[in-house]
Amino acid sequence: MNNILVFCETQNGHLKRSSQELLQKGAKSGHKVFALLLGSSSTAAPECAHHGAKVVLTAKSPALDQYNSELYLAALDAACETSNPSVILAATSSSAKDLFPRFAAKKNLGLVSDGIALTLQGDEVLVTKPLYAGKCFAQASFENSQIKIVLMRPNQLPVDHANSSLTAEVTDLQVPQLDLSTIVKEVVKGASEKLDLTEANIIVAGGRGFKEAANFKLLNELASVLGATVGATRAVVDEGWVSHSMQVGQTGKTVAPTLYIAVGISGAIQHLAGMSGSKVIVAINNDPSAPIFQKATYGIVGDLFSVLPALTEEFRKILKA
Ligand SMILES: Cc1cc2nc3c(=O)[nH]c(=O)nc-3n(C[C@H](O)[C@H](O)[C@H](O)COP(=O)(O)OP(=O)(O)OC[C@H]3O[C@@H](n4cnc5c(N)ncnc54)[C@H](O)[C@@H]3O)c2cc1C
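Residues numbered from 1 in each chain as written. Predicted model: local features only at pLDDT ≥ 70, side-chain atom pairs only at ≥ 80, totals over all residues. Heavy atoms only, no water.

*Asks:* Residue-level account of the overall build of the protein chain, with values.
*Replies:* Broken down by element type, the protein chain carries 9 helices and 17 strands. For the protein chain, whose C-alpha radius of gyration is 21 Å, the value lies close to the compact-globule estimate of 20 Å for 321 residues. Over its C-alpha atoms, taken along the principal directions, the protein chain stretches across nearly 60 × 40 × 40 Å. Across the 321 residues of the protein chain, 50% fall into the buried class. Looking at the protein chain as shown, the accessible area adds up to about 15900 Å², and 49% of this sits on carbon and sulfur atoms. One way to put it: in the protein chain the 28 positive side-chain charges average out to a point 3 Å from where the 28 negative ones average out. (Helix = DSSP H or I, 4+ residues; strand = E, 2+ residues; numbered from the N terminus. Rg over C-alpha atoms; globule rule 2.2 N^0.38 Å. Buried < 20%, exposed > 50% of the residue type's maximum accessible area, 1.4 Å probe, protein only. Areas by Shrake-Rupley, 256 points an atom, 1.4 Å probe, with all protein chains shown as cover. Lys, Arg positive; Asp, Glu negative; His and termini not counted. Charge placed at Lys NZ, Arg CZ, Asp CG, Glu CD.)

*Asks:* How would you sum up the sheet that holds strand β9 (residues 124–131)? Please name residues and give values.
*Replies:* Spatially, the 3 strands line up as an open sheet ordered β8-β9-β10, and their pairing is antiparallel. The sheet is open, and its two borders are formed by β8 (117–121) and β10 (136–140), each paired with just one other strand. If you compare each strand with its neighbour and ignore which way they point, the axes differ by 15° on average. Sheet topology note: the β9/β10 ladder contains 5 bridges and is antiparallel. Note on β10: the bridge partner recorded for V127 is A140. (Pairing = 2+ DSSP bridges. Axes fitted to C-alpha atoms, helices over the stretch in contact; angles between N-to-C directions.)

*Asks:* Lay out the site of the ligand in plain terms, naming residues and giving numbers.
*Replies:* R208, T233, T251, S266 and N285 are the nearest of the 26 residues found near the ligand. At 2.9 Å from a nitrogen atom of the ligand is found a side-chain nitrogen or oxygen belonging to D303. At 2.9 Å, a backbone N or O of L304 approaches a nitrogen atom of the ligand. Relative to its free-state accessible area of 990 Å², the ligand is covered by the protein chains to the extent of 77%. Of all the secondary-structure elements, those providing two or more residues to the shell around the ligand are α6 (234–239), α7 (269–275) and α9 (304–320). Split into classes, the residues belonging to the shell around the ligand amount to 6 nonpolar, 15 polar and 5 charged. (Near = heavy atom within 4 Å. Polar contact = N/O pair within 3.5 Å; in protein donor to acceptor, adjacent residues only side chain to side chain. Nonpolar A, V, L, I, M, F, W, Y, C, P; charged D, E, K, R; others polar.)

*Asks:* Tell me what's going on with the domain arrangement of the protein chain, and back it up with residues and numbers.
*Replies:* Under the domain assignment, the protein chain is made up of domain 1 (3–172) and domain 2 (197–320). Between the C-alpha centres of domain 1 and domain 2 the distance comes to 31 Å. At the junction of the two partners, domain 1 supplies 10 residues and domain 2 supplies 7 residues. The junction of domain 1 with domain 2 conceals about 810 Å² of combined surface from both sides, 50% of it contributed by carbon and sulfur atoms. (Domains from an automatic or database assignment. Contact = heavy atoms within 4.5 Å. Buried area = accessible area lost by both parts, 1.4 Å probe.)

*Asks:* Quick one: what's the story with the pattern of salt bridges, residue by residue and with numbers?
*Replies:* Per the stated rule, a full pass over the model turns up 10 salt bridges. Here K253 makes a salt bridge to D196, at a shortest N to O gap of 3.2 Å. Of the two residues, K253 sits in the loop between α6 and β15 (259–263) while D196 sits in the loop between β12 (169–172) and β13 (202–206), which places them 57 residues apart along the sequence. One salt bridge in this structure joins D238 and R234, with 3.4 Å as the shortest N-O distance. Of this pair, D238 and R234 both sit in helix α6, 4 residues apart, roughly one helical turn. Each of D77, K106 and K107 takes part in one network of salt bridges that share partners. (Salt bridge = Lys/Arg side-chain N within 4 Å of Asp/Glu carboxyl O.)

*Asks:* Please set out helix α3 (residues 69–83) residue by residue, giving values where relevant.
*Replies:* Given 3.6 residues per helical turn, the α-helix brings residues three or four places apart onto the same face. Over its 15 residues, α3 extends 20 Å from the first C-alpha to the last, a length consistent with the 21 Å expected when each residue adds 1.5 Å. Of all 15 residues in α3, 12 are buried; the element is thus mostly enclosed. Along α3, the residues classified as buried are S69, L71, Y72, L73, A74, A75, L76, D77, A78, A79, C80 and S83. Where α3 starts, the residue carrying a side-chain oxygen 3.0 Å from the main-chain nitrogen of E70 turns out to be N68. (Expected span 1.5 Å × (residues − 1).)

*Asks:* Requested: an account of the sheet that holds strand β14 (residues 229–232), with residues and values cited.
*Replies:* Taken in spatial order, the 5 strands line up as β14-β13-β15-β16-β17 in an open sheet, and their pairing is parallel. The open sheet has two free edges, formed respectively by β14 and β17 (298–301), since each of these has just one partner strand. With direction set aside, neighbouring strand axes in the sheet form an average angle of 15°. The pairing of strand β16 (residues 280–285) with β17 spans 4 bridges and is classified as parallel. Looking at the pairing, V282 lines up with Y298 of β17. In this fold helix α5 (residues 216–226) packs onto β13, β14 and β15, with an angle of close to 175° to the strand it touches most, β13.

*Asks:* Can you lay out the packing of α3 against helix α4 (residues 94–107) for me, pointing to particular residues and giving the numbers?
*Replies:* As a packed pair, α3 and α4 sit with axes 10 Å apart at the nearest point and diverge in direction by 60°. Classified by the angle their axes make, α3 and α4 are oblique. Between α3 and α4 lies a crossing of right-handed hand. On α4, the residues touching S69, Y72, L73, L76, D77 and C80 of α3 are D98, L99, F100, R102, F103, K106 and K107. For the contact of α3 with α4, a count of residues per class yields 7 nonpolar, 1 polar and 5 charged. (Parallel < 35°, antiparallel > 145°, perpendicular 65-115°, else oblique. Left-handed = near helix turned anticlockwise from the far one by under 90°.)

Put into structure tokens, the structure is as follows:
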């Protein structure tokens, strides 16, 4: 049995779904799972146990509440000293994308990022990752890497119900005080109160078919009735209608909600690269030959300006009843 270290992240004090996926994947492989929680996210230690961690490593310093590459590197070092992992798993988040290449370079370790499927069998670690915006897939394995680092795209692995009877040993790490060359002075949060796109269960996304920014209010109304998060295409982001944090696709976020409603979106390959893992896709477009219909589970051919308000009204009635 080997040790697996999972870099866990939280949102509003709770373990992100992407971290739950990795903890459960590690636990199912039969290896011993260590969870790493930094800063105030340490309060999620019981949740880590419920998803399969046997040991939770915490470092409670308030300095770790915000991502800082130097401090996080030191904490990761301390976590590796304590857990002696053969594999490190993390979600492909913005912090992880900054932290792990630094760690891999510093320690001369192998790293595979952007995984969409993962096999952990004995000492073998196999990662599938998309290339060319999902046109083909590569399978990566490791050679001569003392620790194998894998960054997985969120929402690619199943999550079973948490088992609240499971417990874990909690160990507080000693992270050395550092003379930092960079500090985070302020974090300005986006306006959205909604769940991050990568964590959302329902997404309603809009494209250039909306004609102008003000018309996005139709999409926001549907989102608020469904409790959904709003996404967008790059065309719309480039127009300046919405922020880049809402972009889905090759150069935006990769999402895999239960329901993805694509409105006024043509279905370019770069957009599909970010959302084709959604379980049910509904497309609304007035062009019956739009490529999005080839990916859609259900398609509505029609003018979004009449279809969308009608749909919102119907959902409102159903969900009120
Ligand atoms: C390197 C690279 C990276 C990229 N990365 C991304 C990415 O991450 N994400 C992304 O989304 N794109 C990305 N793109 C851009 C991508 O190629 C497309 O240009 C973009 O996705 C198109 O956005 P759209 O569907 O909103 O617009 P369009 O392609 O213009 O489609 C608008 C759709 O709305 C429909 N429509 C118009 N009026 C109505 C109406 N009244 N009712 C209903 N339907 C209507 C039209 O029939 C059409 O299908 C990238 C491109 C490149 C080159």
